[in-house]
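Chain and residue survey
This is what each chain is made of:
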Amino acid sequence: MDSGRGTGMDAGRSAGGDGPVMDAGFFVAWFEEAARLVRRDHERLTALDAAIGDADHGANLDRGLSEVVAAFAGSPPGSPGQALTAAGATLIRKVGGASGPLYGSVFRQMGRTIEEPVTLARFAAAFEAGVVALERLGKAALGDKTMVDALVPASRALALALRDGVGAREAFALAARAAAEGAEATIPLQARKGRASYLGERSAGHEDPGAASSALLMSALATVAAAR
Ligand code: ADP
Ligand code: MG
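Let us look at the structure shown here.

Helix and strand counts for the protein chain stand at eight helices and two strands. The linear arrangement of helices and strands in the protein chain, starting from the amino end, is β-β-α-α-α-α-α-α-α-α. In terms of overall dimensions, the protein chain is globule-like: its C-alpha atoms have a radius of gyration of 16 Å, near the 17 Å expected for 228 residues. With the C-alpha coordinates aligned to their principal axes, the bounding extent of the protein chain is approximately 55 × 40 × 30 Å. Across the 228 residues of the protein chain, 52% fall into the buried class. Sequence separation of at least 24 residues holds for 67% of the intrachain contacts in the protein chain that already meet a minimum separation of 6. Looking at the protein chain as shown, the accessible area adds up to about 9,700 Å², and 51% of this sits on carbon and sulfur atoms. In the protein chain, 24 positive and 26 negative side-chain charges are present, and the distance between their average locations comes to 4 Å.

This part covers the coordination of the magnesium ion (ligand 2). Around the magnesium ion (ligand 2), the protein supplies Asp49 (OD), Asp54 (OD) and Asp56 (OD) as donor atoms, at distances of 2.0 to 2.2 Å. Donor residues for the magnesium ion (ligand 2) sit on one chain with the sequence pattern D-x4-D-x1-D. Judged by relative accessible area, which is 8%, Asp49 ranks as buried. For Asp54, a relative accessible area of 33% corresponds to the partly exposed category.

Time to look at the site of ligand 1. In the region of ligand 1, 20 residues are neighbours, and Asn60, Ala98, Ser99, Gly138 and Asp208 sit closest. Within the side chain of Asp56, one N or O atom sits 3.0 Å away from an oxygen atom of ligand 1. Of all the elements, helix α8 (residues 209-226) adds the most residues to the shell around ligand 1, at three residues. Residues of the shell around ligand 1, tallied by class, amount to six nonpolar, eight polar and six charged.

Between its first and last C-alpha atoms helix α4 (residues 99-113) spans 21 Å; for 15 residues at 1.5 Å apiece the expected length is 21 Å, and the two agree. Of all the residues in α4, the buried ones are Ser99, Gly100, Leu102, Tyr103, Gly104, Ser105, Val106, Phe107, Met110 and Gly111. Residues of α4 that are buried sit in contact with α1 (24-52), α2 (57-74), α3 (80-94), α5 (120-138), α6 (148-163) and α8.

What follows covers the pattern of salt bridges. Taken as a whole and judged by the stated rule, the model has seven salt bridges. The partner of Asp41 in a salt bridge is Arg40, and the shortest N-O contact between them spans 2.9 Å.

Take the side chain of Asp208 next. Of note, Asp208 is situated in the loop between α7 (168-184) and α8. Polar side-chain contacts of Asp208 include one of 3.2 Å to the backbone nitrogen of Gly210. Not counting residues within four places of it along the chain, the set of residues in contact with Asp208 comprises Ile52, Lys145, Thr146, Met147 and Thr186.

Moving on: unusual backbone geometry. Cis geometry marks the peptide bond from Glu116 to Pro117; its omega dihedral reads 0°. Take Pro117: it is sitting in the loop between α4 and α5.

Rules behind the numbers
- Residues numbered from 1 in each chain as written.
- Chains lettered and ligands numbered in written order.
- Predicted model: local features only at pLDDT ≥ 70, side-chain atom pairs only at ≥ 80, totals over all residues.
- Heavy atoms only, no water.
- Helix = DSSP H or I, 4+ residues; strand = E, 2+ residues; numbered from the N terminus.
- Rg over C-alpha atoms; globule rule 2.2 N^0.38 Å.
- Buried < 20%, exposed > 50% of the residue type's maximum accessible area, 1.4 Å probe, protein only.
- Contact = heavy atoms within 4.5 Å.
- Areas by Shrake-Rupley, 256 points an atom, 1.4 Å probe, with all protein chains shown as cover.
- Lys, Arg positive; Asp, Glu negative; His and termini not counted.
- Charge placed at Lys NZ, Arg CZ, Asp CG, Glu CD.
- Donors = N, O, S within 2.8 Å, 3.2 Å for Na, K, Ca; no water.
- Near = heavy atom within 4 Å.
- Polar contact = N/O pair within 3.5 Å; in protein donor to acceptor, adjacent residues only side chain to side chain.
- Nonpolar A, V, L, I, M, F, W, Y, C, P; charged D, E, K, R; others polar.
- Expected span 1.5 Å × (residues − 1).
- Salt bridge = Lys/Arg side-chain N within 4 Å of Asp/Glu carboxyl O.

Written as structure tokens, this is what we have:
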């Protein structure tokens, strides 16, 4: 890691009046923690995908995030935007399933959009832009039983946290909870997008694997923010 850039949310460099800023090291730590959680839970993710898809989601994401972490180790990103853009490009390139390009587009758009120094408000704006890019690429809306069902509530939770003047740590914890609730709420739904939609009514009764992995990504964010 490029130690000259600091290693996280530096309370001494507050910008924009909404709390500490997040540097490149913060985003590297986010992907490292996400990779750890997905590795830990890859069997659960694959089991969810076995029920309504093709049983590769855990392996897909485990491989993709490991590649992201390895790429960061080989060439540390110099800025949050670089970290996000590189992570997105790696996921698009290395993940075979639909989730690679979809997650990749979230992070690439975040990286293109994010203004620095990164405050909570700027993070939330870039995250929302990433989710919009995902919705545009996948043409999925809330309730279609996809990762959108976890990421849109997370994005909304960040917007509400900002409105309420909540700090970054609590905001990310609220976003993680919203994503987990959104993922759980996919269980009774019938899939309207992706492989699971081929099952029609039989897709109901199972949590969507992509929504479950999105909840892990947001949980990783909350953990990294809480540790800084
Ligand atoms: P594949 O379906 O190609 O095997 P994965 O198993 O890695 O890819 O990912 C499946 C997940 O991708 C689904 O659970 C769902 O959350 C997400 N997904 C699939 N299609 C779409 C879409 N059109 N829009 C948003 N998310 C989607
Ligand atoms: Mg699959």
